[in-house]
Amino acid sequence: MTARRSWWKLALGVIFTALMLFPVYWMVNVSLTRTQDLRLSPPHIFPVNPTLEGFEAVIRQQLPNLGTSLLIGLGCVVLTVVIAAPAAYAIALLNLRGGRTLNFILLVAQMIPGVVMAMGFYAIYVRAGLLNSVWGLILADSTIAVPFGVLLFTAFMSGLPRELLQAAKVDGANAWRTFVSIVLPMSRNSVLTVSLFAFLWAWSDFIFASTLARNSELRPVTLGIYAYIGNNTTQWNAIMATAVVASIPAAILLVVAQRYVAAGVTAGAVKD
Amino acid sequence: MTTSLTRRPAPGTDTVSVTVPDPRKRRPSRLLGSRWVAFGFAAPLIAYLLVFYAFPLIRSVDLSIHDYTIRAFVQGNAEFVGFDNYAAILSSPLFGQALVNTTLFVVVSLLFQYAIGLALAVFFRSNFPLSGLLRGLFLVPWLLPLIVSASVWSWMLNSDSGIVNSVIVAFGGEQINWLTSPETALTSVIIANIWLGIPFNLVILYAGLQNISLDVYEAASLDGAGAWRQFWSITFPLLKPVSAITLLLGLVYTLKVVDIIWIMTAGGPANSSTTLAIWSYREAFGTGQPDLSPAAAVGNLLIVIALIFGFFYLRIQRREANS
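This is a predicted model, so every value here is computed, not measured.

All right, on to the overall build of chain B then. Along the backbone of chain B there are 15 helices and 2 strands. Across the 323 residues of chain B, 56% fall into the buried class. In chain B, the share of contacts with a sequence separation of at least 24, taken over all contacts with a separation of at least 6, comes to 65%. Working note: accessible area of chain B is about 14,000 Å², and carbon and sulfur atoms make up 65% of it.

Turning our eyes to something else, we now look at the overall build of chain A. Helices and strands together make up the secondary structure of chain A, namely 13 helices and 0 strands. Reading chain A from its N end, one meets helices and strands in the order α-α-α-α-α-α-α-α-α-α-α-α-α. Over its C-alpha atoms, taken along the principal directions, chain A stretches across nearly 75 × 70 × 30 Å. Evaluated residue by residue, chain A yields a buried proportion of 60% over its 272 residues. A separation of at least 24 residues holds for 74% of the contacts in chain A among residues at least 6 apart in sequence. Counting every atom, chain A has about 11,000 Å² of accessible surface; 65% of that belongs to carbon and sulfur.

With that out of the way, let us pick up the interface of chain B and chain A. Reports of interface size often rely on the accessible area that becomes lost once the parts have come together. In this assembly, 119 residues from chain B lie in contact with 115 residues from chain A. Buried surface at the junction of chain B and chain A, both sides included, amounts to about 10,700 Å², of which 76% is carbon and sulfur. At the junction of chain B and chain A, the tally comes to 0 salt bridges. Across the chain B-chain A interface, the total number found is 12 residue pairs in polar contact (both at pLDDT 80 or more). The dominant element in the side of chain B that touches chain A, judged by the number of residues it contributes, is helix α1 (residues 35–64) of chain B, at 19 residues. Here the side of chain B that touches chain A is built from residues that sort into 80 nonpolar, 27 polar and 12 charged.

Where helix α6 (residues 134–158) of chain A contacts α1(B), the axes come no closer than 11 Å and their chain directions differ by 135°. As summarised for this structure, α6(A) and α1(B) are arranged oblique, according to the angle between their axes. Two packed elements cross with a definite hand, and for α6(A) against α1(B) that hand is left-handed. Taken together, the residues of α1(B) that come into contact with α6(A) (itself represented by L139(A), S142(A), T143(A), I144(A), V146(A), P147(A) and V150(A)) are L45(B), Y48(B), F52(B) and Y53(B). Residue composition of the contact of α6(A) with α1(B), grouped by class: 9 nonpolar, 2 polar and no charged.

Right, let's talk about the packing of aromatic side chains for a bit. Summed over all chains, the structure comprises 36 aromatic pairs over all chains. Ring plane angle 40° and centroid distance 6.0 Å describe the contact between F231(B) and F236(B), whose orientation is recorded as tilted. Aromatic rings pair up to connect F16(A), F123(B), F124(B), F128(B) and F138(B) into one cluster. Here R135(B) stacks its cationic end above the ring of Y206(B), 4.0 Å away from the centre of that ring.

Right, let's get into the UniProt feature "domain: ABC transmembrane type-1" (unreviewed entry) in chain B. Listed under "domain: ABC transmembrane type-1" (unreviewed entry) in the UniProt record, and renumbered for this structure, are residues 99–313 of chain B. Here residues 99–313 of chain B is 74% helix and 0% strand, with 21 Å between the C-alpha atoms at its ends.

This next bit is on the UniProt feature "transmembrane region" (unreviewed entry) in chain B. In the numbering used here, UniProt assigns the "transmembrane region" (unreviewed entry) feature to residues 36–55, 104–124, 136–156, 162–179, 186–209, 229–253, 260–281 and 293–314 of chain B. Secondary structure across residues 162–179 of chain B comprises 44% helix and 0% strand; the distance between its end C-alpha atoms is 11 Å.

A few words on the side chain of S158(A). All names here are of chain A. Locating S158 in the fold gives a position in helix α6. Exposure remark for S158: the relative accessible area of 12% places this residue in the buried category. Within the structure, the side chain of S158 is placed 2.6 Å from the backbone oxygen of T154, a separation counted as a polar contact.

When pLDDT drops low, the exact placement of atoms in the prediction is not to be read closely. Residue and element names in this part refer to chain B. Per-residue confidence for chain B averages 86 on the pLDDT scale, and 89% of its residues sit at or above 70. Model confidence for chain B, summarised as mean pLDDT per element, is weakest for helix α2 (residues 70–75) at 72 and strongest for helix α4 (residues 93–125) at 96. Across residues 1–21, where pLDDT falls below 50, the model places 59 contacts with residues more than four positions away in sequence or in other chains. Under a pLDDT of 50 for its full length, residues 23–28 has, in the predicted model, 8 contacts with residues more than four places off or in other chains. Scoring the predicted complex yields pTM 0.89 and, for the interface, ipTM 0.90.

Moving on: helix α9 (residues 185–210) of chain B. A rise of 1.5 Å per residue sets the reference length of α9(B), with its 26 residues, at 38 Å; its end C-alpha atoms lie 38 Å apart and thus fit the reference within 8%. Of all 26 residues that make up α9(B), 24 are buried, and the element is covered over most of its length.

Together, Y25(A), I45(A), F46(A) and V48(A) make up a nonpolar patch on the protein surface, roughly 390 Å² of accessible area in all. Position of V48(A) relative to the elements: it lies in the loop between α1 (3–31) and α2 (53–61).

Attention now goes to a negative patch on the surface. All names here are of chain B. A cluster of acidic side chains, namely D67, E79, D84 and D291, defines a negative patch on the protein surface. Position of D67 among the secondary structure elements: in strand β1 (residues 66–67). D67 sits in the partly exposed class, given a relative accessible area of 34%.

What follows deals with the pattern of salt bridges. All names here are of chain A. Counted according to the given criterion, the structure contains 2 salt bridges over all chains. Notably, a salt bridge pairs R34 with D37, separated by 3.2 Å at the nearest N-O pair. Judged by its relative accessible area of 27%, R34 is partly exposed.

Rules used in this analysis
- One numbering rule holds for all chains: residues counted from 1, following each sequence as written.
- Written order determines the labels here, with chains lettered from A and ligands numbered from 1.
- Local features in a predicted model are, by the rule used here, given only for residues with pLDDT of at least 70; side-chain atom pairs are given and counted only at 80 or more, and totals for whole chains, interfaces and linings are based on all residues.
- Each side-chain value is derived from all of the structure's non-hydrogen atoms; neither hydrogens nor water enter the calculation.
- We count a stretch as a helix when DSSP gives it H or I for four or more residues in a row; a strand needs E for two or more, and each element gets its number in order from the N terminus.
- Per-residue accessibility, obtained with a 1.4 Å probe over protein chains only, is compared with the maximum for each type, and a residue is labelled buried under 20%, exposed over 50%, and partly exposed between these values.
- For this analysis, residues touch if any pair of their heavy atoms sits within 4.5 Å.
- Surface accessibility follows the Shrake-Rupley procedure with a 1.4 Å probe radius. Residue values consider only the protein chains on display as shielding.
- Throughout, the accessible surface (probe 1.4 Å) given up by two parts as they are put together, summed over both, is called the buried area.
- For salt bridges, the criterion is a side-chain nitrogen of Lys or Arg within 4 Å of an Asp or Glu carboxyl oxygen.
- For the purposes of these results, a polar contact is taken to be a pair of N or O atoms within 3.5 Å, where, inside protein, one atom must be able to donate a hydrogen and its partner to accept one; residues adjacent in sequence count only when each atom of the pair is a side-chain atom.
- Amino acids outside the nonpolar list (Ala, Val, Leu, Ile, Met, Phe, Trp, Tyr, Cys, Pro) and the charged list (Asp, Glu, Lys, Arg) are all regarded as polar, and Gly is one of them.
- Axis geometry follows a simple rule: fit a line to the C-alpha atoms, using only the stretch in contact for helices, then measure angles between N-to-C directions, giving values from 0 to 180 degrees.
- By the definition adopted for this analysis, an angle is roughly parallel if under 35 degrees, roughly antiparallel if over 145, roughly perpendicular if from 65 to 115, and oblique otherwise.
- The handedness criterion is simple: a crossing whose near helix is rotated anticlockwise from the far helix by less than a right angle is left-handed, and one whose near helix is rotated clockwise is right-handed.
- Any two rings among Phe, Tyr and Trp, with Trp reduced to its six-membered ring, count as a pair given centres within 6.5 Å; such a pair is stacked if its planes are under 30 degrees apart, edge-to-face if over 60, and tilted if neither.
- Charges are assigned to positions over rings by a cutoff of 6 Å between ring centre and Lys NZ or Arg CZ, combined with an angular limit of 35 degrees from the ring normal.
- UniProt positions are given in the numbering used here, feature names are shortened, and annotations may be inferred rather than shown by experiment.
- The quantity called pLDDT is the predictor's confidence in a given residue, expressed from 0 to 100.
- One fewer than the residue count of a helix, multiplied by 1.5 Å, yields its expected span.
- Within the patch definition used here, like charges are joined within 9 Å and nonpolar side chains (Val, Leu, Ile, Met, Phe, Trp, Tyr) within 5 Å, considering only residues with over 30% relative accessible area and no salt bridge.
- We count Lys and Arg on the positive side and Asp and Glu on the negative side, and we leave His and both chain ends out.
- Each charge is placed at NZ for Lys, CZ for Arg, CG for Asp and CD for Glu.

Okay, structure coming up:
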């Protein structure tokens, strides 16, 4: 390929990417727009008189919600890894009886619509007193990531050399010891991948939040944005500023862990 | 055990470059501990699945075959009505419309996501400066919280102050009431959904392309096949299994989409963008009065549809794994 042709492709690539990311740019642009300029027609293509009033509203009103989302996201990460990693170890390396059946169930579990799960949880939580609680949301949100986690860990651990287990056995290590000191450290990258997705999915969840925590004092940020849209349709700069802030984890994770993201998409082939 | 794609991940993803051994072919002697030790490690997951999947699902079936009013809900003495809720749903005038909307939403979204995703995957396959970075940036829409994307699209498609209408008007077109007119509401949510699904299709199809050996193309080039011919005679046929999996997975996941439609149009106006999932959500949680029994009936119907296609997915996947 000639150098000239590849520059041509680069130009095309930049145009495609710009088109694709335009909504993201527009979000940032609107978040910096003054309230009186929001209804301008045609709108400014870039923030002519940038203002931070939208972000001030975020700091005034959304900080507790961001904290709640952070807590829920981290809770889901811990729960998902703690449940999924040992199970995958059993399926991949300890020849668990019925391991294939279990994997099959996990694939099917990912096909259940979130609405149905939400209704089931709602019915249970009403009685159990878990409605509007952070714990209830952590438990419900974790159902998005746990099946994915087990499948991804299983795929990864199946590829670990079995000689390692053999060696551990010779050294007198039992199954638990082998899991903690050999398998888990070697699976570090897949733990990162699973954690990343568990966090992002919990952070982004709207269905469970809107059904199980609608009257909660501690609301996740997705509900914060939703409340804005419902009540306050003139404050689109504040809505977009919250949206920008709510996108920060995704942005950070994309920069820091881009290869794990691609690995997760292809390995689990899961979108939720 | 996941898709066959795990065998050959995208470049730069050496972390998960795992060859999954077929457990049937390779069943080594028990290395560590007994059958019970293995079960012990899996026990938390099994308990978790029973409590957080099986139980809510049973509860949802239970909701759909009883008549749960708010009071009955709290007291727990709902009347058993068998399949009455299902009959009511199927004979409701909304059923036909929701089914048509769901089909349109899923089929049109998938066609465009797939076509654009594939075109981009082919485009990004030829290495040019910064191609990796640009491909990475394409993931952004997929990672954003859905409520963020949905609100951005709502504002962009706003009738009076939206950028989309500004552009249309600037080119001499008519202003369109994207979200507030029954003719365009479904189109609007489909556009947003296509945008959301492109990254997923791009990543999976790109990984599939990596599996096609470059030698085949070289041979085709020597035989004088042009780029277009190469695409239709090599890329597309060889990519078929990956395409099938991408489309089926996309279908299963698009069927259950709630957030994006709910936030942009809430299924309206006049039910013009109500899908089965939205119908179920609105019955259960969309009004002040939760009406969980019919909602659960719609939801369970949706599970059945999803599972039918899900089993197609599993069959293709199994055939892949065996070949």
